[in-house]
There are 2 protein chains.
Amino acid sequence: MEYIVELGKKAKKAQSTLASASTALKNDALTAISAALRAGKNEILAANAMDLESGKSNGMSESLLDRLALSEKRIDDIADSVLDIAALPDPVGRVKDGSVRPNGLSIEKIAVPLGTIAVIFEARPNVTIDAAALCLKSGNTVILRGGKEAINSNKATANIMRKAISDIGLDENCIQLVENTDRETANALMKLNGYIDVLIPRGGAGLINSVVQNATVPVIETGVGNCHIYVDKTADIDMAVNIIFNAKTSRPSVCNAAESLVIHRDIAAAALPAIKLKLDEKNVELYGDEEARKIIDIAPATEEDWGTEYLDYKMSVKTVGSVEEAIEHINTYSTGHSEAIITSDYNSAQKFTQLVNSSAVYVNASTRFTDGGQFGFGAEIGISTQRLHARGPIGLPELTTTKFVIRGNGQIR
Amino acid sequence: MEYIVELGKKAKKAQSTLASASTALKNDALTAISAALRAGKNEILAANAMDLESGKSNGMSESLLDRLALSEKRIDDIADSVLDIAALPDPVGRVKDGSVRPNGLSIEKIAVPLGTIAVIFEARPNVTIDAAALCLKSGNTVILRGGKEAINSNKATANIMRKAISDIGLDENCIQLVENTDRETANALMKLNGYIDVLIPRGGAGLINSVVQNATVPVIETGVGNCHIYVDKTADIDMAVNIIFNAKTSRPSVCNAAESLVIHRDIAAAALPAIKLKLDEKNVELYGDEEARKIIDIAPATEEDWGTEYLDYKMSVKTVGSVEEAIEHINTYSTGHSEAIITSDYNSAQKFTQLVNSSAVYVNASTRFTDGGQFGFGAEIGISTQRLHARGPIGLPELTTTKFVIRGNGQIR
């Protein structure tokens, strides 16, 4: 597909200058983007209104319309976050390792940009700006492909960003938007080997799965979180109630929200009624196995429930007889995002943290902390649920790779 | 495909114990493997003789037969290399980063095994053992799929290794061989999401490309090396001659051998005759552009030559007018493996190391050094030419990923 190949060529060309751009120039570009977004509010809001209008006439749900909607306040927040990214340390150029070999060769392992990153996402116009800013700071050119529902908003913000960086002397093609939102174009992007170094999908399980199945370029899988909280038999019940309530209800639509409660049968009779009472405050629907249903009056869980990321005020409840059984249940149904144990037993905590195969494993804390900001990394471009390259929050350091530079004076082997 | 899914399930089950195996147990397993290979020489050689027999009757070339052939000496060397791997530091469990957050959460980033690694390779029976040993040491279960030409040798060595680790108490399915060598089975392995965490192809460009095009599991691309040597106008000609001769002829069949000479036109008249004279000792065939052919009597290069990894006593010759032009030529045709500049000019060296986009960039040294052993990393499972996860030699540390372990006392967000 000629259109996508052209974008790839332009990105590669822009990459050759961006990769060696100074930190100062990149920060100036981010400052210029932030200012231009503020100055361009009316233009952005007008474009966003068109998207909202067609969303409404296509019967888009309230929650999706809310994700799509921009306001002066939201644009200010986004512009602020671009400045936050400018303030983060530059991940490029750091010498990560080095040695002088016996033959006198000096070897350095240096952090360099990944190259060109493609980001495929849904109808959240803030992602356009977040992703562009993170890629720019880390020296990567970016090709953004957002959902058609946000195309006018995305065009407006992409154009503003491109003009802003071009005005301060960077190639505008450091940031490119795929303006053609059909599926064929997205598929062509997924197969653009030789131009795309990494593809990061951001969105629901359907999008992620489509990318994993179709992409031939390297992918970082993100964001599907069937997160579990296991209440061990020695748990502090008040702590368990608080953490479960927080992890389930503080923001149910996000990937680090808890979806499944696993509980030791020795504590179930004492803990489940208290947990249910608290979750009832937010009308959380529970789906439990037979044992749980003998203790509290909830709907039956099906096999499907164990593997479901509800992203809603719903939660499954599984009863187990040991921490080992809990770990096996979690490793079977988890998506590898975040899991927590509530316990006061040292050995249970050790086993759980050692044997649960997820990116983030918690003892006595809410799964909601899996987040670049909460971990102290600054902004993030997503949460990786795969094992290759990046795991957990993907911040600026994860948007780099390494290069070996070897200096000699005539060495041969 | 039921057969492959079964292997995946067994690997996943074995992984749950191997991931938490002590360094001592893993080293004992490697020592047992090494001893068992020595003790099983006759069995291995008998199986290898069957492979060699059918290779000969199928008209396999001498060089392929040589790669396929084992001998008592080769088995001893392989058994020694398994002990070398046992002697390397265990990459698992290292705390790579950590902090205590303002809310009291303690966060550790810990090196953990990747999980299950699949390795698809061609007719080199030593890869079966190398890959199994490296995966075992790094706590990964492995599924090996070698070429049908080596199936008897691979079955013999895999069985010996499986029995050896089972005898000391590890699950034999830490090491599995795909005994069915048809293409459908290999394709099913490439799509075994949920069981395979990483797939590493080892072999020629055809194999690598087939994996990149077909795999839906995460892949580390390895080993295709269209390596360049650029002779800058300020190069020491003697040094250039030595390095080019070494990089081209010391082992032409390997991926870090040089394939293309790029030369500044200001030094071409003085340097090319000397370079050709030296390469003539090994009858290296040169393919040059018009300018080079005015200086030395060589065959014309076609566009295809610039992108060809000959793996033979052949080399292309490209004339350029500046280091920038050399860099652009290299970044256009390189496979991202290893490139070298020969220069005595500081600015040329800086530009070249900063702007050439390859895993390993050399100043005044042979590209042949791109190798785990030469870099001081010990053994390697391949040379990554992609940018995600690992770049350059893939040693034990690159066969791990990380996990965040977060300990709290009731924190909610």
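Fair warning: this is a prediction, and the values are worked out from it, not measured in the lab.

Thresholds applied
- Residues numbered from 1 in each chain as written.
- Chains lettered and ligands numbered in written order.
- Predicted model: local features only at pLDDT ≥ 70, side-chain atom pairs only at ≥ 80, totals over all residues.
- Heavy atoms only, no water.
- Helix = DSSP H or I, 4+ residues; strand = E, 2+ residues; numbered from the N terminus.
- Rg over C-alpha atoms; globule rule 2.2 N^0.38 Å.
- Buried < 20%, exposed > 50% of the residue type's maximum accessible area, 1.4 Å probe, protein only.
- Contact = heavy atoms within 4.5 Å.
- Areas by Shrake-Rupley, 256 points an atom, 1.4 Å probe, with all protein chains shown as cover.
- Lys, Arg positive; Asp, Glu negative; His and termini not counted.
- Charge placed at Lys NZ, Arg CZ, Asp CG, Glu CD.
- Phe/Tyr/Trp six-rings, centres within 6.5 Å; stacked < 30°, edge-to-face > 60°.
- Lys NZ or Arg CZ within 6 Å of the ring centre and 35° of its normal.
- Patch = residues over 30% accessible without salt bridge, like charges linked within 9 Å, V, L, I, M, F, W, Y side chains within 5 Å.
- Salt bridge = Lys/Arg side-chain N within 4 Å of Asp/Glu carboxyl O.
- Expected span 1.5 Å × (residues − 1).
- Arc of directions from axis to C-beta.
- Pairing = 2+ DSSP bridges.
- Buried area = accessible area lost by both parts, 1.4 Å probe.
- Polar contact = N/O pair within 3.5 Å; in protein donor to acceptor, adjacent residues only side chain to side chain.
- Nonpolar A, V, L, I, M, F, W, Y, C, P; charged D, E, K, R; others polar.
- Core = buried A, V, L, I, M, F, W, Y, C linked by side-chain atoms within 4.5 Å.
- Axes fitted to C-alpha atoms, helices over the stretch in contact; angles between N-to-C directions.

Asks: Looking at this structure, how should I read the overall build of chain A?
Replies: Counting its secondary structure elements, chain A contains 15 helices and 16 strands. Over its C-alpha atoms chain A spans a radius of gyration of 24 Å, differing by no more than 12% from the 22 Å that the globule rule assigns to 413 residues. For chain A, the spread of C-alpha atoms along the three principal axes comes to 70 × 70 × 35 Å. Residue burial in chain A is summarised as follows: out of 413 residues, 57% are buried. When contacts within chain A are restricted to residue pairs at least 6 apart in sequence, those whose partners lie at least 24 apart make up 72%. Of the roughly 15600 Å² that chain A leaves accessible, carbon and sulfur atoms contribute 48%. Side chains of chain A give 43 positive and 52 negative charges; the mean places of these two sets differ by 6 Å.

Asks: Even after reading the chapter, I still don't get the packing of aromatic side chains, so can you show me in this structure?
Replies: Given two aromatic rings, one states the distance between the centres and the angle between the planes to describe the pair. Per the stated rule, a full pass over the model turns up 10 aromatic pairs over all chains. Ring geometry for Tyr230(A) against Phe352(A): centres 6.2 Å apart, planes inclined by 15°, an arrangement best described as stacked. Placement of the pair is Tyr230(A) in strand S7 (residues 227-231) and Phe352(A) in helix H15 (residues 346-355), with a sequence separation of 122 residues. On the accessibility criterion, Phe352(A) (0% relative accessible area) is buried. One aromatic cluster is present, formed by Phe375(A), Phe377(A) and Phe404(B) through successive ring pairs. Lying across the ring of Phe245(A), Lys278(A) places its NZ or CZ 4.6 Å from the centre.

Asks: Help me understand a positive patch on the surface in this model?
Replies: Where like charges cluster on the molecular surface, the positive patch consists of Arg94(A), Lys96(A), Arg94(B) and Lys96(B). When you line up the elements, Lys96(A) lands in strand S1 (residues 95-100). On the accessibility criterion, Lys96(A) (42% relative accessible area) is partly exposed.

Asks: Would you mind showing me how to read helix H1 (residues 2-18) of chain B here?
Replies: Given 3.6 residues per turn, any residue in an α-helix points the same way as the ones three and four places further on. Residues and elements named next belong to chain B. Taking 1.5 Å per residue as the helical rise, H1 with its 17 residues ought to reach 24 Å, and the 24 Å between its terminal C-alpha atoms agrees with that figure. Considered for burial, the residues of H1 that qualify are Ile4, Leu7, Gly8, Ala11, Ala14, Gln15 and Leu18. For H1, the buried positions fall inside an angular range of 135° around the axis, keeping them on one side. Away from its buried face by more than 90 degrees, H1 exposes Glu2 and Lys13.

Asks: Quick question: what am I supposed to make of the pairing of strand S2 (residues 106-113) of chain A here?
Replies: Every other side chain in a regular strand lies on the same face of the sheet, so the side chains alternate between the two faces. All names here are of chain A. Counting buried residues in S2 gives 6 out of 8 residues, a clear majority hidden from the surface. When S1 meets S2, the two strands line up antiparallel, connected through 5 bridges. Residue pairing for S2: Gly98 is matched across the bridge by Glu108. Hairpin connection between S1 and S2: a loop of 5 residues separates the two successive antiparallel strands, and Gly104 in this loop has a positive phi of roughly 95°. Examined bridge by bridge, S2 and strand S16 (residues 400-411) share 8 bridges and lie antiparallel to one another. Bridging across to S16, Glu108 finds its partner in Val405.

Asks: Please clarify how the interface of chain B and chain A should be interpreted in this entry.
Replies: Often, the extent of an interface is quoted as the loss of accessible area on bringing the components together. Each side of the interface is counted separately: chain B has 72 residues, and chain A has 72 residues. Here chain B and chain A share an interface that buries about 5600 Å² over both sides, 53% of which is from carbon and sulfur atoms. Three residues, Arg387(B), Leu388(B) and Arg413(B), lead the burial of chain B against chain A; their summed loss comes to 16% of the area buried on that side. Close ionic contact of Lys109(A) with Glu398(B) constitutes a salt bridge, the shortest N to O distance being 3.8 Å. For the pair chain B and chain A, the number of links is 37 residue pairs in polar contact (both at pLDDT 80 or more). Those elements giving two or more residues to the side of chain B that touches chain A turn out to be H1, strand S2 (106-113), helix H9 (205-214), helix H10 (237-249), helix H15 (346-355), strand S13 (360-365), strand S15 (392-393) and strand S16 (400-411) of chain B. Residue composition of the side of chain B that touches chain A, grouped by class: 29 nonpolar, 31 polar and 12 charged. Direction of pairing for S16(A) relative to S13(B): parallel, over a ladder of 5 bridges. Bridge pairing in S13(B) links Arg407(A) to Val363(B).

Asks: For this particular structure, what's the right way to read the pattern of salt bridges?
Replies: Proximity of charged atoms lets side chains of opposite charge pair with each other. All told, the structure shown has 38 salt bridges over all chains when counted by the stated rule. In this structure, Lys41(B) and Asp76(B) form a salt bridge, with 3.0 Å as the shortest nitrogen-oxygen distance. One end of the pair, Lys41(B), is in helix H3 (residues 41-57); the other, Asp76(B), is in helix H5 (residues 72-87), with 35 residues separating them in the sequence. Residue class for Lys41(B) comes out buried when judged on its relative accessible area of 15%. Here Arg74(B) and Asp66(B) are joined by a salt bridge, their closest N and O atoms 3.3 Å apart. Note on Asp66(B): relative accessible area 44%, which makes it partly exposed. The structure contains a network of salt bridges with shared partners spanning Arg38(A), Lys41(A), Glu72(A), Asp76(A) and Asp80(A).

Asks: Would you mind showing me how to read H5(B) here?
Replies: All names here are of chain B. Here H5 is 16 residues long and its end C-alpha atoms lie 23 Å apart, about the 22 Å a rise of 1.5 Å per residue gives. Listing the buried residues of H5 in full gives Ile75, Ile78, Ala79, Val82, Ile85 and Ala86. Each buried residue of H5 sits inside an arc of 110° when the element is viewed along its axis, so together they form one side. Summarising the geometry of H5, the exposed residues directed more than 90 degrees from the buried face are Lys73, Asp84 and Ala87.

Asks: Could you clarify how one ought to interpret the nonpolar core in this entry?
Replies: It is characteristic of soluble globular proteins that their nonpolar side chains tend to be buried jointly. Counting residues in each nonpolar core, the largest one holds 49 residues, and the members touching the most others are Ile33(A), Leu144(A), Ile175(A) and Ile381(A). Of the residues forming this core, the biggest block, 8 residues, is contributed by helix H6 (residues 125-137) of chain A. Each residue touching Ile33(A), except ones within four places of it in the same chain, is listed here: Val82(A), Leu136(A), Met161(A), Ala164(A), Ile165(A) and Ile175(A). If you look at the next biggest cluster of nonpolar residues, it comprises 48 residues, including Ile33(B), Val119(B), Phe121(B) and Leu144(B).

Asks: I would appreciate a short explanation of the environment of Leu286(B) in the present structure.
Replies: Residue and element names in this part refer to chain B. Checked against the element boundaries, Leu286 lands in strand S9 (residues 285-288). By relative accessible area, Leu286 is classed as buried at 8%. The spatial distance from the C-alpha of Leu286 to the C-alpha of Arg94 is 49 Å, given a sequence separation of 192 residues. Among all residues touching Leu286, those that are not within four sequence positions of it are Lys276, Leu279, Ile296, Ile298, Ala299, Met315 and Val317.

Asks: Any chance you could explain the sheet that holds strand S3 (residues 116-121) of chain B here in plain terms?
Replies: The strands that make up a sheet are held in pairs by hydrogen bonds between backbone atoms, and each pair lies either parallel or antiparallel. All names here are of chain B. Taken in spatial order, the 4 strands of this open sheet run S5-S4-S3-S6, and their pairing is parallel. What marks the edges here is a single partner per strand, and that holds for strand S5 (175-177) and strand S6 (198-202). Here the average twist between neighbouring strands, direction ignored, is 20°. Where S3 and strand S4 (residues 141-145) come together, 5 bridges link them in parallel fashion. Of the residues in S4, the one forming a bridge with Ile120 is Arg145.

It is worth stressing that arrangement in space is one thing and function is another; only the former is reported here.
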